[in-house]
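Here are the chains, one letter per residue:
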Amino acid sequence: MNIAIDGPAGAGKSTIARLAAKELDFIYVDTGAMYRAIALYLLDKKTDIDNEDELKNALDQIHINIVYESGVQHVFLDLQDVSTEIRSEKVGNMASKSSALKPVREKLLDLQRDIAKKNNVIMDGRDIGTNILPDAELKIYLTASVDVRAKRRFDELKLHGEEPDLDTIRKGIEQRDYQDMNRDIAPLKQAEDAVLIDSSDMSISEVVDRIIELKNQVK
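Residues numbered from 1 in each chain as written. Predicted model: local features only at pLDDT ≥ 70, side-chain atom pairs only at ≥ 80, totals over all residues. Heavy atoms only, no water.

Engineer: A description of the overall build of the protein chain should follow, citing residues and the corresponding values.
Structural biologist: Per the secondary structure count, the protein chain includes 9 helices and 8 strands. When the backbone C-alpha atoms are referred to their principal axes, the protein chain occupies close to 50 × 40 × 35 Å. When each of the 219 residues of the protein chain is scored for burial, the buried share is 47%. Taking the intrachain contacts of the protein chain between residues at least 6 apart in sequence as the baseline, contacts between residues at least 24 apart amount to 73%. Charge-centre separation for the protein chain: the mean point of 31 positive side chains lies 1 Å from the mean point of 41 negative side chains. (Helix = DSSP H or I, 4+ residues; strand = E, 2+ residues; numbered from the N terminus. Buried < 20%, exposed > 50% of the residue type's maximum accessible area, 1.4 Å probe, protein only. Contact = heavy atoms within 4.5 Å. Lys, Arg positive; Asp, Glu negative; His and termini not counted. Charge placed at Lys NZ, Arg CZ, Asp CG, Glu CD.)

Engineer: How would you explain the sheet that holds strand S5 (residues 80–81) if you had to name every residue and give the values?
Structural biologist: The 3 strands are arranged S3-S4-S5 in an open sheet whose pairing can be described as antiparallel. Every interior strand has two partners, whereas the edge strands, strand S3 (64–69) and S5, have only one. Contacts between helix H2 (residues 31–44) and the sheet are confined to S3 and strand S4 (72–77), with S4 contributing the most and set at about 25° to the helix. (Pairing = 2+ DSSP bridges. Axes fitted to C-alpha atoms, helices over the stretch in contact; angles between N-to-C directions.)

Engineer: Explain the sheet that holds strand S2 (residues 27–30) to me, and be specific about the residues and the numbers.
Structural biologist: Neighbouring strands of a sheet are bound in pairs by backbone hydrogen bonds; such pairs are parallel or else antiparallel. If you walk across this open sheet you meet the 5 strands as S2-S6-S1-S7-S8, and the pairing is parallel. Each edge of the sheet is formed by a strand with only one pairing partner; in this case those strands are S2 and strand S8 (195–198). Taken over all neighbouring pairs, the strand axes of this sheet differ in orientation by 20° on average, direction set aside. Here 5 bridges tie strand S1 (residues 2–6) to strand S6 (residues 121–125), and the two strands are oriented parallel to one another. When the bridges of S6 are listed, Ile3 appears paired with Ile122. Against the sheet, helix H5 (residues 102–118) makes contact with S1, S2 and S6, and its axis sits at roughly 155° relative to S6, the strand it touches most.

Engineer: Explain the environment of Tyr41 residue by residue, including any values.
Structural biologist: Topologically, Tyr41 is positioned in helix H2. Spatially, the C-alpha atom of Tyr41 lies 21 Å from that of Ala9, the residues being 32 residues apart in sequence. Apart from the residues lying within four places of it in its own chain, the contact partners of Tyr41 are Ala58, Gln61, Ile62, Leu77 and Asp78.

Engineer: Could you give me a rundown of the nonpolar core, with the residues and numbers involved?
Structural biologist: One finds Ile38, Ile64, Val75 and Ile86 to be the most contacted residues of the largest nonpolar core, which totals 35 residues. Elements represented by at least two residues in this core include exactly H2, helix H3 (52–61), S3, S4, helix H4 (89–98), H5, S6 and helix H6 (128–132). In this structure, Val75 is in contact with Ala33, Ala37, Ile64, Asn65, Ile66, Gln80, Asp81, Val82, Ser83 and Ile86, ignoring residues within four places of it in sequence. By size, the runner-up hydrophobic cluster in this structure holds 20 residues, among which are Ile5, Leu142, Ile197 and Ile211. (Core = buried A, V, L, I, M, F, W, Y, C linked by side-chain atoms within 4.5 Å.)

Engineer: Go over the pairing of S6 with me, naming the residues and quoting the values.
Structural biologist: Within S6, 5 of the 5 residues are buried, leaving the element largely enclosed by the surrounding structure. Of the two faces of S6, the one lined by Val121, Met123 and Gly125 and the one lined by Ile122 and Asp124 are each fully buried. Relative to S6, S2 is paired through 4 bridges, and the arrangement is parallel. For Asp30, the partnering residue across the bridge sits in S6 and is Asp124.

As structure tokens, then:
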């Protein structure tokens, strides 16, 4: 069984999907982490993503592997575990830009579908229900207001010892929303058969419970 969770940046998709997968004994596939791994490589190599040949050459050099240890996903980039490094704002912003490019999406499409074909998975991203897994048995569009998403990200960064600026985070989220929703290739949108969940006034456990409830209703 495949469960697809789509939604904008900061909606809590990764946290929710990871917890729901644990409850259901599904494999959690964080597609955003895969795109972030590519973004990290492109940043490290100072790749001009607007240069088609330069981008293609960079993608040919990238080797991404997903390893699950005790149900936890670890992302390896060229044999290095980059699960922590890919979570920075800088990498996230690059991922939003680079993931809109066709060569980048093609790089990961087969890997994502292959994992879903062989396992019960919860997969989250921007275009899972509309593009990656259009036949998923359950599709969810998870969102929250911009202000709520910005505050959540602010609190998360504070917990990691950083000194973030709330207004800067809010503007960054608005910019990423625009980029994700207006890109030419597989833009972020709610699938026609997806269930909308607005988590603005919901706790994490309430959202997880709702997803499990929806899963149990699937025949």
